[in-house]
2 protein chains.
Amino acid sequence: MAVQTIESAAVEARRRIRSNQWRGVTSGVAPGHVQANLAILPRDLAFDFLLFCQRNPKPCPLLEVIEPGSVEPVLTAPGADIRTDASGYRIYRNGEFTAEVDTLEDYWQDDLVSFLLGCSFSFETAMTDAGIPLRHQEQGKNVAMYITNIQTASAGVFSGPMVVSMRPIKREQVVRAVQVTSRFPATHGAPVHIGSPGDIGIRDLDLPDFGEAVEIKPDEEPVFWACGVTPQAVALNCKPPLMFTHAPGRMFITDQRDADYSVL
Amino acid sequence: MAVQTIESAAVEARRRIRSNQWRGVTSGVAPGHVQANLAILPRDLAFDFLLFCQRNPKPCPLLEVIEPGSVEPVLTAPGADIRTDASGYRIYRNGEFTAEVDTLEDYWQDDLVSFLLGCSFSFETAMTDAGIPLRHQEQGKNVAMYITNIQTASAGVFSGPMVVSMRPIKREQVVRAVQVTSRFPATHGAPVHIGSPGDIGIRDLDLPDFGEAVEIKPDEEPVFWACGVTPQAVALNCKPPLMFTHAPGRMFITDQRDADYSVL
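The rules behind these values
- Residues numbered from 1 in each chain as written.
- Chains lettered and ligands numbered in written order.
- Predicted model: local features only at pLDDT ≥ 70, side-chain atom pairs only at ≥ 80, totals over all residues.
- Heavy atoms only, no water.
- Contact = heavy atoms within 4.5 Å.
- Buried area = accessible area lost by both parts, 1.4 Å probe.
- Salt bridge = Lys/Arg side-chain N within 4 Å of Asp/Glu carboxyl O.
- Polar contact = N/O pair within 3.5 Å; in protein donor to acceptor, adjacent residues only side chain to side chain.
- Helix = DSSP H or I, 4+ residues; strand = E, 2+ residues; numbered from the N terminus.
- Nonpolar A, V, L, I, M, F, W, Y, C, P; charged D, E, K, R; others polar.
- Buried < 20%, exposed > 50% of the residue type's maximum accessible area, 1.4 Å probe, protein only.
- Pairing = 2+ DSSP bridges.
- Axes fitted to C-alpha atoms, helices over the stretch in contact; angles between N-to-C directions.
- pLDDT = per-residue confidence, 0-100.

Chemist: I keep staring at the interface of chain A and chain B and nothing clicks. Help me out?
Modeler: How big an interface is tends to be reported as the loss of accessible area on association of its parts. At the junction of the two partners, chain A supplies 23 residues and chain B supplies 23 residues. Taken over both partners, the interface formed by chain A and chain B buries close to 2,000 Å², and the fraction arising from carbon and sulfur atoms is 66%. At the surface where chain A touches chain B, the tally comes to 2 salt bridges. Glu-67 of chain B serves as the salt-bridge partner of Arg-55 of chain A, at 2.7 Å between the closest nitrogen and oxygen. Run the count over chain A and chain B and you get 8 residue pairs in polar contact (both at pLDDT 80 or more). Within the residue set of the side of chain A that touches chain B, elements represented by two or more residues are α2 (43–55) and β2 (62–65) of chain A. Take the side of chain A that touches chain B: its biggest share by element is 8 residues, from α2 of chain A. Grouping the amino acids of the side of chain A that touches chain B by side-chain chemistry returns 15 nonpolar, 3 polar and 5 charged.

Chemist: I would appreciate a short explanation of helix α3 (residues 121–129) of chain A in the present structure.
Modeler: Side chains of residues three or four places apart in an α-helix project in the same direction, reflecting 3.6 residues per turn. Residues and elements named next belong to chain A. Where α3 is concerned, the buried positions are Ser-122, Phe-123, Glu-124, Ala-126 and Met-127. Of the surrounding secondary structure, the elements contacted by the buried residues of α3 are β1 (33–42), α4 (135–138), β7 (161–170), α5 (174–182) and β9 (220–226). Phi for Gly-131, located one or two positions after α3, is positive at around 80°.

Chemist: What's the story with the sheet that holds strand β6 (residues 144–151) of chain A in this structure? I'm lost.
Modeler: Either a parallel or an antiparallel arrangement is found when strands of a sheet pair, and the pairing is made through backbone hydrogen bonds. Residue and element names in this part refer to chain A. Across the sheet, which stays open at both edges, the 4 strands sit in the order β6-β7-β9-β8 with antiparallel pairing between neighbours. Two strands bound the open sheet, and with one partner strand each, they are β6 and β8 (193–194). Judged from the 5 bridges that link them, β6 and β7 form a sheet pairing that is antiparallel. Following the sheet pairing, Ile-147 is matched in β7 by Val-163. In this fold α3 packs onto β7 and β9, with an angle of close to 15° to the strand it touches most, β7. Here helix α6 (residues 229–237) sits on the sheet in contact with β6 and β7, set at roughly 160° to β7.

Chemist: Can you help me understand the confidence of the model for chain A in this one?
Modeler: Detailed reading of the predicted coordinates is not advisable wherever pLDDT is low. When pLDDT is averaged along chain A, the result is 93, and 97% of the positions lie at 70 or above. Interface confidence for the predicted complex, expressed as ipTM, amounts to 0.81; the pTM equals 0.87.

Chemist: How should the sheet that holds strand β6 (residues 144–151) of chain B be read in this particular structure?
Modeler: Residues and elements named next belong to chain B. Taken in spatial order, the 4 strands line up as β6-β7-β9-β8 in an open sheet, and their pairing is antiparallel. Two strands lie at the open edges of the sheet, namely β6 and β8 (193–194), each paired on one side alone. Two strands pair when backbone bridges link them, and β8 and strand β9 (residues 220–226) are joined in this way by 2 bridges, in the antiparallel orientation. Residue Ile-194 lies in a different strand from β9, and its bridge partner there is Val-223. In this fold helix α3 (residues 121–129) packs onto β7 (161–170) and β9, with an angle of close to 15° to the strand it touches most, β7. Lying on the sheet, helix α6 (residues 229–237) is in contact with β6 and β7; it crosses β7 at an angle near 160°.

What follows is the structure, encoded as structure tokens:
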């Protein structure tokens, strides 16, 4: 039999999800493959949202934008169906969460445009590969996320503050963490801030706006990266008549490898 | 008197152009500042064109997309006017070149969207700073450009082959040239091909499709970079009712510094 290649792990994961054989959080599934946050919006809002992402590449790193009405991510996962191949979806109407569903087939409209956005799994892998431990992973927690006073560049109807994720990094590894994540601009890239949380409007690291707080040891600095929650928050902020996203932790697995997005 | 800062050189250059005190090719003007190719299209085509650029970042590196109808590049040149501050413009109707003008003021429409795209000046500066000589600059020629058999990723109505520029690089400097240009993904970035022109559909290096041929010495390899002519060619290919561009060599000078776009 053929050796299972790294490519087929992503295809296999999507097939099992689509056929309802497996559902769950996708962290650690098909390792080495880039996983995507989803934001699906009506065509009327798509130009402004695409422009918002273009202006804010750190919180909104675009992996692919699917042709209006189409359901196949031809560039990052040819043959896949964006309505069925993530392991869970959320439906928002007029900016309000209304349902979590396994598939979008019953809700699809021909005017929808699907945005696939990079997530932090890729650079977290690169950091652990570089010997930089990640506290939230060690403790089995969700990463701590904070709403900052850093304003995104607005575009049309979309505007709002940047959300960041925080990872405590040993002082002696901070430079290496900057270097390693700088290589992945398509998955949030270099940190947006190091140290002093108050400078970016965070009053208490023990009270994250999303996720879970983690301990910061005396020999560590809090390091902040732009977070993929930003585009979702900004999009919902303008109360679109309809918006779909992936369910938290249940990302869309692409065929792309982390290394495909490394700039050096 | 205040010392003239590097920022003011760009503002000054745009002021002199706007007030008709100076017009000319912008190579070497306001050194260290990023210059932009312009493509200005009706709103109807803007989503597809933005998507085309997003899918083809090497030939179409977006520096800024101005809000529909607006004339001010608020992110890269606040206070500037895109209709008056490039040193020359071309007007195309239904894909045909109809006029070259000094200003777009008499031709402006409220549905127009302006795209500012990175050009190769930034990475050429980085290469010469790194001790890599550029033959076309030494010989006072325009860089040689070729239509390839590399297909761009199409988006809506936009599709077509990639155009590349070629620079002969000493074999011992090819690796360095890759490294140096990789740091500037916003201005075409790393080469798309090294050596063997036939592999990318170029039959004769002495017969460029645009620009001028240059000599390749025995100890040199031809190195190919994605070229900013690509988006113009692709846009005109679909015969938009109206399209404006900068005139060849007469770029729009932004306030951004080359270093702002270096990823490392």
